[in-house]
Amino acid sequence: MGQCGITSSKTVLVFLNLIFWGAAGILCYVGAYVFITYDDYDHFFEDVYTLIPAVVIIAVGALLFIIGLIGCCATIRESRCGLATFVIILLLVFVTEVVVVVLGYVYRAKVENEVDRSIQKVYKTYNGTNPDAASRAIDYVQRQLHCCGIHNYSDWENTDWFKETKNQSVPLSCCRETASSCNGSLAHPSNLYAEGCEALVVKKLQEIMMHVIWAALAFAAIQVTAGHVMCMHRTVQKE
């Protein structure tokens, strides 16, 4: 019975280590997703420290891969020292994930103020030329989020670009996808996206941060389960 219990416990531990490898891949993916999306919206959010949770979660993903390797080796060889190391590192990673969750909530709360502070400046520097980074960023956001202006399309009337062009039109990126004949003219507002971009950019960035938070919480729960199984495994070994 004791040998059967040890074999069964080993199987569960190896399975958990495989889960750690899967978790490592997912965490690295989430961190990379944050980096890629931030690059698309970085003109609207200047605080680079927002990327700290993403950096930490990628590091945690890499560490989880190593943990899985240590756990597998320790389980197969029945090394008590290896299993003890496995548990200690697991606890450190758990603490790190708690830090990621806290940082995620902190920066999620700062998003609205940061975007409100930056978006006015970005729209002011719009010049409509493709090589200009700020102009590309605005056109990208308006197309992707289906929005126009900061609060609505009328905000464009206060920009230097609008005053210089003198054609009573907003950028083509404000045109609805369904409006095939849209040329950005304010004379046909039904062809333009009615919603402003600020609220949608804030929502998008907060959603990104929530991906990090939920990923950290999910794998923290997995680690608690793994720690419980480890304790059971050590109890079976002693018996």
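Source: prediction; values computed, not measured.

Colleague: Could you clarify how one ought to interpret the side chain of Asp139 in this entry?
Modeller: Within the secondary structure, Asp139 is located in helix α4 (residues 133–145). Of the side chains with opposite charge, Arg143 lies nearest to the buried Asp139, which makes no salt bridge, at 4.9 Å.

Colleague: How should the packing of aromatic side chains be read in this particular structure?
Modeller: The description of an aromatic ring pair rests on the distance of the ring centres and on the angle between the ring planes. Summed over the entire model, instances satisfying the criterion amount to four aromatic pairs. With 5.6 Å between their ring centres and 70 degrees between their planes, Trp156 and Trp161 make a pair best called edge-to-face. You can call Trp156 buried: its relative accessible area is 0%. Overall, Trp161 belongs to the buried group, its relative accessible area being 13%.

Colleague: Looking at this structure, I do not really get the state of the cysteines. What am I missing?
Modeller: Here is the idea: a disulfide is a covalent bond, and it sits between the sulfur atoms of two cysteines. One pass over the full model with this rule turns up three disulfides. Cys147 shares a disulfide with Cys197; S-S distance 2.1 Å. Here the S-S torsion is close to 95 degrees, and the disulfide linking Cys147 with Cys197 is therefore right-handed. Here Cys147 is found in the loop between α4 and α5 (160–165), whereas its partner Cys197 is found in helix α6 (residues 197–238), with 50 residues between them in sequence. One exposure class covers both Cys147 and Cys197, and it is buried.

Conventions used here
- Residues numbered from 1 in each chain as written.
- Predicted model: local features only at pLDDT ≥ 70, side-chain atom pairs only at ≥ 80, totals over all residues.
- Heavy atoms only, no water.
- Helix = DSSP H or I, 4+ residues; strand = E, 2+ residues; numbered from the N terminus.
- Buried < 20%, exposed > 50% of the residue type's maximum accessible area, 1.4 Å probe, protein only.
- Lys, Arg positive; Asp, Glu negative; His and termini not counted.
- Salt bridge = Lys/Arg side-chain N within 4 Å of Asp/Glu carboxyl O.
- Phe/Tyr/Trp six-rings, centres within 6.5 Å; stacked < 30°, edge-to-face > 60°.
- Disulfide = S-S within 2.5 Å.

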